[in-house]
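# Summary of structural features
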Amino acid sequence: MAEEEETTRPEFPITRVKKIMKVDKDINKINSDALHLVTYSTELFLRFLAEKSSVVAAEKKRKTVNIDHLRIAVKRHQPTSDFLLDSLPLPSPQPVRVTKTVSDRKPPPAGTRRIDAFFSKGKAKVDSRSKT
């Protein structure tokens, strides 16, 4: 019985990978076997990054993977970190919540009263009576 060699077909479009490879001016011709190897390697690498990023997102109790999860996954894997970390965008700064105090708020327009003045009104009357 003759065993037939099964070829696995990459999920990425081979022609697009070939175009990306040809962007490099040092590459003139691309062997078919080399093209398949690069395409399949790219697929495996991206699958690896997606899995590691998914683990980070799960650790952070998130359902959606974002760029910060990807950055953490790359940092954890030293060989990937060596060449890829510089290409990733910088981490997004955490938004700082600023709460305004009563003195920071704009004064109300003329002729309006604040609701806290309504609740402290009875106390103000008592205080004004005790002063006289």
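Quick note: structure is the one above.
So, a few notes on the structure that sits alongside this text. (Residues numbered from 1 in each chain as written. Predicted model: local features only at pLDDT ≥ 70, side-chain atom pairs only at ≥ 80, totals over all residues. Heavy atoms only, no water.)

Next up on the list: the overall build of the protein chain. Across its full length, the protein chain carries 6 helices and 0 strands. Its helices and strands taken in sequence order, the protein chain reads α-α-α-α-α-α from the N to the C terminus. When burial is assessed residue by residue, the protein chain has 15% of its 132 residues classed as buried. Across the protein chain, contacts joining residues at least 24 apart in sequence account for 29% of those joining residues at least 6 apart. (Helix = DSSP H or I, 4+ residues; strand = E, 2+ residues; numbered from the N terminus. Buried < 20%, exposed > 50% of the residue type's maximum accessible area, 1.4 Å probe, protein only. Contact = heavy atoms within 4.5 Å.)

Further remarks concern the packing of helix H2 (residues 32-59) against helix H3 (residues 67-76). Where H2 meets H3, the axes come as close as 8 Å, and the angle between the chain directions of the two elements is 115 degrees. Of the possible angle classes, the one that applies to H2 and H3 is roughly perpendicular. Considering how the two elements wind past one another, H2 and H3 form a crossing that is right-handed. Facing Leu49, Lys52, Ser53, Val56, Ala57 and Glu59 of H2, the residues of H3 in contact are His69, Leu70, Ile72, Ala73, Val74 and Arg76. (Axes fitted to C-alpha atoms, helices over the stretch in contact; angles between N-to-C directions. Parallel < 35°, antiparallel > 145°, perpendicular 65-115°, else oblique. Left-handed = near helix turned anticlockwise from the far one by under 90°.)

Across soluble globular proteins, you tend to see nonpolar side chains buried next to one another. Residues Leu49, Val74, Leu84, Leu85 and Leu88 constitute the largest nonpolar core, which totals 5 residues. Non-local contacts of leucine 88, meaning those with residues more than four positions away in its chain, are made with Ile67, Leu70, Arg71 and Val74. (Core = buried A, V, L, I, M, F, W, Y, C linked by side-chain atoms within 4.5 Å.)

Within H3 the residues assigned to the buried category are His69, Arg71, Ala73 and Val74. Its side-chain oxygen 3.0 Å from the backbone nitrogen of aspartate 68, asparagine 66 forms the N-cap of H3. (Polar contact = N/O pair within 3.5 Å; in protein donor to acceptor, adjacent residues only side chain to side chain.)

Taken as a whole and assessed by the stated rule, the structure comprises 3 salt bridges. The partner of glutamate 43 in a salt bridge is arginine 47, with the nearest N and O atoms 3.9 Å apart. Note that glutamate 43 and arginine 47 are positioned in helix H2 at a spacing of 4 residues, about one turn of the helix. With relative accessibility at 37%, the residue arginine 47 sits in the partly exposed group. (Salt bridge = Lys/Arg side-chain N within 4 Å of Asp/Glu carboxyl O.)

One non-glycine residue with positive phi stands out, namely lysine 61, at about 60 degrees. Looking at where lysine 61 falls in the secondary structure, it is placed in the loop between H2 and H3.

Right, let's talk about the packing of helix H1 (residues 14-22) against H2 for a bit. Packing of H1 against H2 brings their axes to within 10 Å, and their N-to-C directions diverge by 100 degrees. Taken together, the axis directions place H1 and H2 in an arrangement best described as roughly perpendicular. Within the contact between the two elements, H1 uses Ile14, Val17, Lys18 and Met21 and H2 uses Leu35, His36, Val38 and Thr39. The residue makeup of the contact of H1 with H2, split by class, is 5 nonpolar, 2 polar and 1 charged. (Nonpolar A, V, L, I, M, F, W, Y, C, P; charged D, E, K, R; others polar.)

These results come straight from atomic positions and should not be treated as a statement about function.
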